[in-house]
Amino acid sequence: MNSFQRRLFSVSIPVASKVVIASGLVPESLALRWLIKGLKAEKRTLVNRRRLESLYAVCSNPSLPVGSFVECGVAQGGCTAMMAFVARRQRPVWGFDSFEGMPPLTEEDEGQGKKAVGTVAAGPDGLQAAQQTLDRFRLTHESVKLVKGWFEDTLPHYVTQLEPIAVLRLDSDWYKSTRYCLEALYDRVAPGGVVIIDDYHAFIGCRKAVDEFRLKRNLHSPLITTDARSEVRWQKT
């Protein structure tokens, strides 16, 4: 690390985050450290460092097929920001969220998460909070799009614009939302693309939706656990 980089790394998050994504100023590894540090320090993501680093690794894998990065369940936009950081205008990035609150449970959720129903994960600013995250880290550009609305209302109108999908990240919590997103989007994932399920180990309904879908589709790609308390992923063959 040279003297300029040491000085940059020593300044406060509010100052440094303005140059995190500036092209050529710092190595990508340092920019990544600043991005994660900024997202966590400013509470712009509910995702822990391990999952953020894993998302970076998945999205930056040179063997990924051509295609977009798609997230369903954006909250304050931390993971969408990470996808945009990796995409660098070379791939479309899409983020879908109601920005209104967690939907009701269904019987498949077995009551788990009941207290969270109605909670707006993005906070009172909703969509604006996610947009502010992208703005804060200079990741706003024409290839990054946030779409407000329930998945059932929005995905049918955008699905053809998303394909092919290189990385599909679902942070949709409950059974119905997770199952709907898989049914609507999995066929758009390119061979070699990666599906990330944020809540697989966290919520019964989410796990049930994934297991049923994989059984129905006869999918045998191994589930790789990123976080034993939450996340798994698999690669489409």
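The structure this text deals with has already been given above.
Computed from a prediction, not measured in an experiment: that's the story for all the values here.

**Q** Outline the overall build of the protein chain, listing residues and values.
**A** Scanning the protein chain from N- to C-terminus turns up nine helices and seven strands. Relative to its 237 residues, the protein chain shows a buried fraction of 54%. When contacts within the protein chain are restricted to residue pairs at least 6 apart in sequence, those whose partners lie at least 24 apart make up 73%. If you sum the accessible surface of the protein chain, you get close to 11000 Å²; carbon and sulfur atoms cover 53% of it.

**Q** Go over the nonpolar core, please, and point to the residues and values.
**A** Counting residues in each nonpolar core, the largest one holds 38 residues, and the members touching the most others are Phe69, Met82, Phe85, Leu139 and Val167. At the level of elements, helix H3 (28-41), helix H4 (49-59), helix H5 (78-87), helix H6 (127-136), strand S3 (144-148), strand S4 (165-170) and strand S5 (189-197) are the ones that each hand at least two residues to this core. With eight residues, H5 is the single largest residue contributor to this core. What valine 167 contacts, discounting residues up to four positions off in sequence, is Val58, Cys59, Leu64, Ser68, Phe69, Val70, Met83, Val194 and Ile196. With 29 residues, the next largest nonpolar core counts Leu168, Leu182, Tyr186 and Phe213 among its residues.

**Q** Account for H6, naming residues and giving values.
**A** Along H6, the residues classified as buried are Ala129, Ala130, Thr133 and Leu134. Projected down its long axis, H6 shows its buried positions confined to an angular sector of 140°, all on one face. Phi for arginine 138, located one or two positions after H6, is positive at around 55°.

**Q** Mind laying out helix H7 (residues 151-162), listing which residues take part and the relevant values?
**A** The end-to-end C-alpha distance of H7 is 14 Å, clearly below the 16 Å that twelve residues give at a rise of 1.5 Å each. Those residues of H7 that sit buried are Phe151, Thr154, Leu155, Val159 and Leu162. The arc that holds every buried residue of H7, seen down its axis, measures 135°, which confines them to one face. For H7, the exposed residues set more than 90 degrees away from the buried face come down to His157 and Thr160. Contact partners of the buried residues in H7: strand S1 (68-72), strand S2 (93-97), S3, S4 and helix H8 (175-185).

**Q** Describe the packing of H3 against H5, and please don't skip the residues or the numbers.
**A** Remark: H3 packs on H5, axes separated minimally by 11 Å, with the N-to-C direction vectors making an angle of 165°. When the axes of H3 and H5 are compared, the pair comes out roughly antiparallel. Where H3 crosses over H5, the handedness of that crossing is right-handed. Across from Glu28, Ala31, Leu32, Leu35, Ile36 and Leu39 in H3, the residues of H5 making contact are Gly78, Ala81, Met82 and Phe85. For the contact of H3 with H5, the residue count by class is eight nonpolar, one polar and one charged.

**Q** Tell me what's going on with the pairing of S1, and back it up with residues and numbers.
**A** Counting buried residues along S1, five of its five residues qualify, which places the element largely inside the surrounding structure. The side-chain alternation of S1 yields two buried faces, one formed by Ser68, Val70 and Cys72 and the other by Phe69 and Glu71. Across five bridges, the pairing between S1 and S4 is parallel. Bridge pairing links cysteine 72 to leucine 170 in S4. As judged from the four bridges shared by S1 and S2, these two strands associate in the parallel manner. Bridge pairing links valine 70 to tryptophan 94 in S2. For the segment spanning S1, H5 and S2, crossover handedness is right-handed.

**Q** I'd like a description of a positive patch on the surface, backed by residues and values.
**A** Taken together, Arg33, Lys37, Lys40, Lys43 and Arg49 make up a surface patch of like positive charges. With three residues, the single largest contributor to the positive patch is H3. Relative to the helices and strands, arginine 33 resides in helix H3.

What counts, and where the lines are drawn
- Residues numbered from 1 in each chain as written.
- Predicted model: local features only at pLDDT ≥ 70, side-chain atom pairs only at ≥ 80, totals over all residues.
- Heavy atoms only, no water.
- Helix = DSSP H or I, 4+ residues; strand = E, 2+ residues; numbered from the N terminus.
- Buried < 20%, exposed > 50% of the residue type's maximum accessible area, 1.4 Å probe, protein only.
- Contact = heavy atoms within 4.5 Å.
- Areas by Shrake-Rupley, 256 points an atom, 1.4 Å probe, with all protein chains shown as cover.
- Core = buried A, V, L, I, M, F, W, Y, C linked by side-chain atoms within 4.5 Å.
- Arc of directions from axis to C-beta.
- Expected span 1.5 Å × (residues − 1).
- Axes fitted to C-alpha atoms, helices over the stretch in contact; angles between N-to-C directions.
- Parallel < 35°, antiparallel > 145°, perpendicular 65-115°, else oblique.
- Left-handed = near helix turned anticlockwise from the far one by under 90°.
- Nonpolar A, V, L, I, M, F, W, Y, C, P; charged D, E, K, R; others polar.
- Pairing = 2+ DSSP bridges.
- Right-handed = clockwise from strand over helix to strand, strands pointing away.
- Patch = residues over 30% accessible without salt bridge, like charges linked within 9 Å, V, L, I, M, F, W, Y side chains within 5 Å.
- Salt bridge = Lys/Arg side-chain N within 4 Å of Asp/Glu carboxyl O.
- Lys, Arg positive; Asp, Glu negative; His and termini not counted.
- Charge placed at Lys NZ, Arg CZ, Asp CG, Glu CD.

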